[in-house]
Amino acid sequence: HVQLAESGGGLVQAGGSLRLSCAASGSSLTIYTMGWYRQAPGKQRELVAIIVSGGSTNYAESVKGRFTISRDNAKNTVYLQMNSLKSEDAAIYYCNVLSRNYGQSWGQGTQVTVSS
């Protein structure tokens, strides 16, 4: 199976920045897409950003221009740089990986808290 190690969440003031990281590991791992989702209390999990192996990206409208997703294919690691954070960005952020041998895999989540 795929193991996903997330890091980088925490408490930040509104307007501040955080950088999330997620490192994937597993036997014979071939990753197609890597992405970040988030879930706020009482809300459904939603896509934040996704990046495919070739580097193309897609973002939720609410984070465009503020968040940047990137990946290091050699390290099987995906990053989410979050700038100009707002209170509505507060949520648990989950790393998601789609791989050839294992399908969809989810991280355990990392909490992002934004204080106003």
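Please refer to the structure placed before this passage.
Notes on the structure in this doc start here.

Procedures and definitions
- Residues numbered from 1 in each chain as written.
- Predicted model: local features only at pLDDT ≥ 70, side-chain atom pairs only at ≥ 80, totals over all residues.
- Heavy atoms only, no water.
- Pairing = 2+ DSSP bridges.
- Helix = DSSP H or I, 4+ residues; strand = E, 2+ residues; numbered from the N terminus.
- Axes fitted to C-alpha atoms, helices over the stretch in contact; angles between N-to-C directions.
- Salt bridge = Lys/Arg side-chain N within 4 Å of Asp/Glu carboxyl O.
- Buried < 20%, exposed > 50% of the residue type's maximum accessible area, 1.4 Å probe, protein only.
- 1 Å grid on protein atoms, 1.4 Å probe; cavity = no way out; pocket = protein on both sides within 12 Å on 5 of 7 lines; lining within 4 Å.
- Points joined across faces, edges and corners; volume = space filled by probe spheres on them.
- Nonpolar A, V, L, I, M, F, W, Y, C, P; charged D, E, K, R; others polar.
- Core = buried A, V, L, I, M, F, W, Y, C linked by side-chain atoms within 4.5 Å.
- Phe/Tyr/Trp six-rings, centres within 6.5 Å; stacked < 30°, edge-to-face > 60°.
- Lys NZ or Arg CZ within 6 Å of the ring centre and 35° of its normal.

So, on to the sheet that holds strand β8 (residues 77-82). Taken together, four strands build an open sheet; the order of strands is β1-β3-β8-β7 and the sheet is antiparallel. At either margin of the open sheet sits one strand with a lone partner, and together these are β1 (3-7) and β7 (67-72). Across the sheet, the mean angle from the axis of one strand to that of its neighbour is 15°, orientation sign disregarded. Sheet topology note: the β7/β8 ladder contains six bridges and is antiparallel. Counterpart to Phe67 in the pairing with β8 is Met82.

What follows concerns the pattern of salt bridges. Tallied over the full model, the rule gives four salt bridges. As a salt-bridge pair, Arg38 and Glu46 come within 2.7 Å of each other at their nearest N and O atoms. Taking the relative accessible area as the measure of exposure, Arg38 reaches 5% and is therefore buried. One salt bridge in this structure joins Arg38 and Asp89, with 3.0 Å as the shortest N-O distance. Pair noted here: Arg38 is in strand β4 (residues 31-39) and Asp89 is in the loop between β8 and β9 (91-99), with a separation of 51 residues, a long-range link. In this pair, the class of Arg38 matches that of Asp89, namely buried. Each of the salt bridges in this network shares a partner with another, and the network as a whole consists of Arg38, Glu46, Arg66 and Asp89.

Turning to the layout of surface pockets, a few remarks are in order. There is about 160 Å³ of room inside the largest pocket. As for the largest pocket, its lining consists of Arg38, Gln39, Ala40, Lys43, Gln44, Glu46, Ser87, Glu88, Ala90 and Ala91. By residue class, the composition of the lining of the largest pocket is three nonpolar, three polar and four charged.

This brings us to the pairing of strand β3 (residues 18-25). Looking at chain direction, β1 and β3 are connected through five bridges and run antiparallel. Along β3, the bridge assignment pairs Leu4 with Ala24. The sheet contact formed by β3 and β8 spans six bridges and is antiparallel. Within the sheet, the bridge partner assigned to Leu20 lies in β8 and is Leu80.

Let us now look at the nonpolar core. Counting 30 residues, the largest nonpolar core has Trp36, Leu80, Met82 and Tyr93 as its most contacted members. For this core, the elements supplying multiple residues, two or more each, are β3, β4, β5 (46-52), β7, β8, β9 and β11 (110-115).

The description of an aromatic ring pair rests on the distance of the ring centres and on the angle between the ring planes. Counted under the stated rule, the structure contains one aromatic pair. Above the plane of the ring of Tyr79 lies Arg19, whose end atom (NZ or CZ) is 4.1 Å from the centre.

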